[in-house]
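Spelled out from the first residue to the last, the chains are:
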Amino acid sequence: MINPISIISAVQLITRDNYDGDDAGESDGPPGCVTAVPGPNGHVPVDACNSYYNFDPQFAPAVAVATLFGLLTGAHIVEAFIFRKRYAWVLIMGATWETIAFILHSLGARDQQQIAYATAWQILFLLAPLWINAFVYMTFARIAWFFLPEQRLGGIKPASIAKYFVWADVLTFLVQAVGGIMASPSASANIIQIGLNIYLAGMGLQQFFIILFLVLMIIFHRRIQATPPEHIMESAQRQKSWKPLLMVLYVVLVLITIRIIYRIAEFAGGITPSNPVPSHEEYSYALDCLPMMLALLILAIWHPGITLVGPGSEFPKKSRAERKREKQEKKVSERSKISESVALAG
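Predicted, not measured: the structure shown is a model, and the values here were computed from it.

Caption draft 1: The overall build of the chain, seen in detail. Each helix and strand counted, the chain has 11 helices and 0 strands in total. From first element to last, N terminus to C terminus, the chain shows the α and β order α-α-α-α-α-α-α-α-α-α-α. Split into buried and exposed, the 346 residues of the chain put 48% on the buried side. When contacts within the chain are restricted to residue pairs at least 6 apart in sequence, those whose partners lie at least 24 apart make up 77%.

What follows is the structure, given as structure tokens:
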């Protein structure tokens, strides 16, 4: 697993110059960066060399948030079994990462000199929403397959939508993780800045894919509204309306977008007095934590398993023998076409 560094720690280092020596009274930081004597809970000023936060992390909010995310994680685990939705493990991963992140953050609030807590919290907190994003992609693909299995959306088969956009989500994940790795504390100021720019590019890439995905959702929305009901509800299993679940996915994507805008504002605005975002923990709770918590709550109340019921709610799985036979038939077909082309050329 990639072991990226704390983005917050990296942001702090942007304002520091490269350091080549070990002056007395200073840490392995640049001139003017003094190691402060830790106070209660290991707290030091944010401009100290041994500061790993841009604010004084509070214990009680971290515990409360970890508890709420833990309850939502448990709810989704139970619902995954009740509704028999195996792919829900993706959403459970996102909720679990959020839970672990704030358990670590609560520990870090009481031991602010432990860089491992700050690092692990920040990375899990930054990347957890990508799991929720992927779950939206996978759920919508199943909605399209369930209600309009034979139609393409934007030239893409419903069965392929999940595959393409989940891979897009993986790409986004890798870009954001690489940005974090480059912005490691041991890197130079220039490399740190490049790393954070890459992370921001990853956020922009994530939003770009969300916009493309919204186009497909709107195409589906308009097409299914124009489709006669008897062509949609072909069996008793499809008596549930597609509208509530589709509306839920719209809302979740809006919540993810709010979170992306916040993160871009946090890092693109720089660590300056004119940008209060990074130095106030309340912003991360209100504009990252809360949107993701609401997304998990909404998906728990209107779980996809309520609408997507029965074998038709999942993509058909081909056996190994079927896949092998199709591959052989494809090869025979290609050889036949080549033989015909040679014959015509002769």
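Having seen it, we continue.
Caption draft 2: Quick peek at the pattern of salt bridges. Taken as a whole, this structure holds 5 salt bridges when the rule is applied. Among the ionic pairs, R142 bridges to E314, the shortest N-O distance being 2.9 Å. Linking R142 in helix 4 (residues 115-147) with E314 in the loop between helix 10 (304-307) and helix 11 (320-345), this pair joins segments that are 172 residues apart in sequence. E314 sits in the partly exposed class, given a relative accessible area of 24%. A single network of salt bridges, built from pairs that share partners, joins R259, R263, E266 and D288.

Caption draft 3: Here's a closer look at the side chain of H221. Tracing the backbone through its elements, the reader meets H221 in helix 6 (residues 189-225). Of the residues examined, H221 reaches a relative accessible area of 16% and is grouped as buried. Only 3.2 Å separates the side chain of H221 from the side chain of Y250, close enough to count as a polar contact. Aside from chain neighbours lying at most four places away, what touches H221 is W242, L246, M247 and Y250.

Caption draft 4: Geometry of unusual backbone geometry. A positive phi angle, close to 65°, is found at N41, a residue other than glycine. The residue N41 is located in the loop between helix 1 (7-14) and helix 2 (59-83) in this model. Phi is positive for R84, close to 55°, though the residue is something other than glycine. Counting through the fold element by element, R84 comes out in the loop between helix 2 and helix 3 (89-110). Owing to a relative accessible area of 73%, R84 belongs among the exposed residues under this scheme.

Caption draft 5: The packing of helix 4 against helix 9 (residues 281-301), seen in detail. At a minimum axis separation of 11 Å, helix 4 and helix 9 run at an interaxial angle of 30°. Compared by their axis directions, helix 4 and helix 9 come out roughly parallel. Considering the relative orientation of helix 4 and helix 9, their crossing is left-handed. Contact residues: F125, P129, I132 and F135 in helix 4; S284, D288, C289, M292, A295, L296 and L299 in helix 9. Of the residues contributing to the contact of helix 4 with helix 9, the split by class is 9 nonpolar, 1 polar and 1 charged.

Caption draft 6: Expanded view of the nonpolar core. Grouped together as the largest cluster of nonpolar side chains are 82 residues, with contacts concentrated most on F102, I132, F140, I161, F213 and F220. Elements with a contribution of two residues or more to this core: helix 2, helix 3, helix 4, helix 5 (158-182), helix 6, helix 8 (243-268) and helix 9. In terms of residue count, helix 4 provides more of this core than any other element does, 23 residues in total.

Caption draft 7: The side chain of K85, seen in detail. Along the chain, K85 turns up in the loop between helix 2 and helix 3. For K85, a relative accessible area of 4% puts it in the buried group. Separated by 2.8 Å, the side chain of K85 and the backbone oxygen of L308 make a polar contact.

Caption draft 8: Here's a closer look at the packing of aromatic side chains. In total, this model carries 21 aromatic pairs according to the counting rule given. Both rings, one in Y87 and one in F135, keep their centres 5.1 Å apart while their planes meet at 15°; by these two values the pair is stacked. Highlighted residues: Y87 in the loop between helix 2 and helix 3 and F135 in helix 4, separated in sequence by 48 residues. Relative to F147, the ring of F146 has its centre 5.0 Å away and its plane inclined at 80°; by these criteria the two rings are edge-to-face. Classification of F147 by relative accessible area gives buried; the value is 2%. Pairwise contacts between aromatic rings join Y53, F55, F69, F102, W121, F125 and Y285 into one cluster.

Caption draft 9: Molecular detail of the environment of A286. Following the sequence through the fold, A286 ends up in helix 9. On the basis of relative accessibility, which here comes to 39%, the residue A286 falls in the partly exposed class. Residues A286 and R259, 27 residues apart in the sequence, show an inter-C-alpha distance of 9.3 Å.

Caption draft 10: Local environment of the layout of surface pockets. Of the voids in this model, the second largest pocket is the one considered here, and its volume is about 340 Å³. Along the walls of the second largest pocket sit 15 residues, with R84, K85, R86, E314 and K317 positioned nearest its centre. Tallied by class, residues from the lining of the second largest pocket come to 6 nonpolar, 3 polar and 6 charged.

Rules used in this analysis
- Residues numbered from 1 in each chain as written.
- Predicted model: local features only at pLDDT ≥ 70, side-chain atom pairs only at ≥ 80, totals over all residues.
- Heavy atoms only, no water.
- Helix = DSSP H or I, 4+ residues; strand = E, 2+ residues; numbered from the N terminus.
- Buried < 20%, exposed > 50% of the residue type's maximum accessible area, 1.4 Å probe, protein only.
- Contact = heavy atoms within 4.5 Å.
- Salt bridge = Lys/Arg side-chain N within 4 Å of Asp/Glu carboxyl O.
- Polar contact = N/O pair within 3.5 Å; in protein donor to acceptor, adjacent residues only side chain to side chain.
- Axes fitted to C-alpha atoms, helices over the stretch in contact; angles between N-to-C directions.
- Parallel < 35°, antiparallel > 145°, perpendicular 65-115°, else oblique.
- Left-handed = near helix turned anticlockwise from the far one by under 90°.
- Nonpolar A, V, L, I, M, F, W, Y, C, P; charged D, E, K, R; others polar.
- Core = buried A, V, L, I, M, F, W, Y, C linked by side-chain atoms within 4.5 Å.
- Phe/Tyr/Trp six-rings, centres within 6.5 Å; stacked < 30°, edge-to-face > 60°.
- 1 Å grid on protein atoms, 1.4 Å probe; cavity = no way out; pocket = protein on both sides within 12 Å on 5 of 7 lines; lining within 4 Å.
- Points joined across faces, edges and corners; volume = space filled by probe spheres on them.

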